[in-house]
Amino acid sequence: MAVQQSVGQDPYFPDNGDSRYRVHRYELTLDYRPGPNRLSGTARINAIAGRSPLAEFQLNLADFKIGRVRVDGRQPHYTHRGGRLRVRPAKPLRAGAAFTVEVHWSGNPKPVNSPWGGLGWEELADGALVASQPVGAPSWFPCNDRPADKASYLISVTTPSAYAVVAGGRLLTRTTKASTTTWVYEQSAPTSSYLVGLTIGKYQAVLLGDPGPGGIPQHGHIPAHLLPEFSRDFARQPAMMELFQELFGPYPFDEYAVAVTEEELDVPVEAQGLSLFGSNHVDGARGSERLIAHELAHQWFGNSVSIADWRHIWLNEGFAKYAEWLWSERSGGRTAQQLAAAAHRVLSSQPQDLRLADPGRKAMFDDRLYERGGLAVHAVRCALGDEAFFLMLRSWVRLHRGGAVTTEAFAAHVGRFAREPVEGVFMAWVWGAALPSLPVWGAAG
């Protein structure tokens, strides 16, 4: 696993995360009551100090009541204001020391404010879901909220027994006592805080396809009345899984789940090992199939291979967009070249002021970043040719599994698979703002 940590704070979100230490495991014990929207929790966080002694550090946590904080079992001094829990241990932690933080909190969870509206914990009409990208994780648990600080998670959620709890990872146990049920999930693979997925609702669980020996279990969690439409809309997901494993390499996690809420969602929600869709994404006519492919592809690009900071978000979204085109091409739809041409026509009529390598916070979720990101990946494919391109992709995913990467690292990696220099491709498509000419498949010979 190759991890490239960003130096210092994320330039787009300087108040989120603390680069002076890293977390290696979260153990979250939660109790949630949907009626009053009441959450109480305990977090046990195992972390490692950085290269300098740690006299104080911070976690991100929204406006909850703090019951207790401990560092290695001892009471520290702490303050909790503006979404930041600042902790000063009784004695400074030495450089490189392992330490444990315990936090108890409670309150009514709600989304945190962002330039894109509320993010994080979302109370539904009958349940809840988490949609944290990019900075919503502190809406429900204390965390070092930076994408490069990846950790394993053990999540225990107790809720009334009428509700199912779905989280990214493997369900270890489900225990019912009186009127409540406790669900315990383990996500052993390194996970960014914004990718910790959770939904609570009245769901029916189904198995998608037969994974067979050594296959990847794929489960769906949906309201029972949507099952007929869901069965048609998601019928080809197992075939997508087979294709993406062929093109990108082995699926990086133990299993994959999709959940559909009773309510509509503007866009599906990406999480590690889990994707959340709204009822509007289920129509019985495969109307959202490209989104199903997009979210599945994120398991490789964004989740397993994560970004060092948010400047590099095109590495997540460009590859997920291109995976949509690859699925279309390989399943009898339009080819990647045809879809690239359509995207290029749209972009050519729009402002030419977006740089993929550093789009700025305001433009990091701009539709142009997704389309141009897909075009940039297509340009790399055209430059390398298919054999070298897919060899490069599988190598990229394998080398950086569980890690965090940068645009510069990707450009250097591509260069190792090219017969001719590719700096011009990256200067035009990734670091430049003007839209280059449409890349033409077959130009590599």
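Here's what I pulled together on the structure shown here. (Residues numbered from 1 in each chain as written. Predicted model: local features only at pLDDT ≥ 70, side-chain atom pairs only at ≥ 80, totals over all residues. Heavy atoms only, no water.)

**Some words on the sheet that holds strand β16 (residues 218-222)**
The strands making up a sheet are joined through hydrogen bonds of the backbone, oriented either antiparallel or parallel. The sheet built from five strands is open, its strands ordered β15-β16-β17-β19-β18 with mixed pairing. Two strands lie at the open edges of the sheet, namely β15 (204-207) and β18 (269-271), each paired on one side alone. Across the sheet, the mean angle from the axis of one strand to that of its neighbour is 15°, orientation sign disregarded. Across the face of the sheet, helix α3 (residues 289-297) comes into contact with β17 (256-260), β18 and β19 (274-277) while running at roughly 150° to β19. (Pairing = 2+ DSSP bridges. Helix = DSSP H or I, 4+ residues; strand = E, 2+ residues; numbered from the N terminus. Axes fitted to C-alpha atoms, helices over the stretch in contact; angles between N-to-C directions. Contact = heavy atoms within 4.5 Å.)

**A closer look at the pattern of salt bridges**
Using the criterion set out here, one finds 19 salt bridges in the structure. In this structure, E371 engages K321 in a salt bridge whose closest nitrogen and oxygen atoms are separated by 3.3 Å. Here K321 lies in helix α4 (residues 314-330) and E371 lies in helix α6 (residues 367-384), a separation of 50 residues in the sequence. The exposure class of K321 is buried, given its relative accessible area of 6%. Note that R381 is salt-bridged to E329, the shortest N-O span being 3.1 Å. Residue R381 is found in helix α6, and its partner E329 is found in helix α4; the two are separated by 52 residues along the sequence. Look at E329 and you get partly exposed, because its relative accessible area is 24%. Connected through shared salt-bridge partners, R290, K321, E324 and E371 make up one network. (Salt bridge = Lys/Arg side-chain N within 4 Å of Asp/Glu carboxyl O. Buried < 20%, exposed > 50% of the residue type's maximum accessible area, 1.4 Å probe, protein only.)

**Structural notes on the environment of D18**
Its place among the elements puts D18 in the segment before β1 (21-33). For D18, a relative accessible area of 3% gives the class buried. Between the alpha carbons of D18 and S306 there is a distance of 17 Å; along the sequence they are 288 residues apart. Once residues lying within four places of it in the same chain are set aside, the contact partners of D18 are Q9, F57, Q58, N144 and R146.

**Observations concerning the side chain of T181**
Summarising the element assignment, T181 is placed in strand β13 (residues 180-191). At 2.8 Å, the side chain of T181 and the side chain of S161 are in polar contact. T181 has contacts with V157, T158, T159, S161, R174, T175 and T176, leaving out every residue within four places of it along the chain. (Polar contact = N/O pair within 3.5 Å; in protein donor to acceptor, adjacent residues only side chain to side chain.)

**Re the packing of aromatic side chains**
Under the defined criterion, the tally for this structure stands at 30 aromatic pairs. Seen in terms of ring centroids, F248 and F301 are 4.9 Å apart; in terms of plane orientation they differ by 80°. Their pairing is edge-to-face. Highlighted residues: F248 in helix α2 (residues 237-248) and F301 in the loop between α3 and β20 (306-307), separated in sequence by 53 residues. Like F248, the residue F301 is buried in the burial classification. Judged by centre distance (5.8 Å) and plane angle (65°), the ring pair of F410 and F426 falls under edge-to-face. With F410 in helix α8 (residues 407-415) and F426 in helix α9 (residues 423-431), this residue pair connects regions lying 16 residues apart in the sequence. Each of the two residues, F410 as well as F426, counts as buried. (Phe/Tyr/Trp six-rings, centres within 6.5 Å; stacked < 30°, edge-to-face > 60°.)

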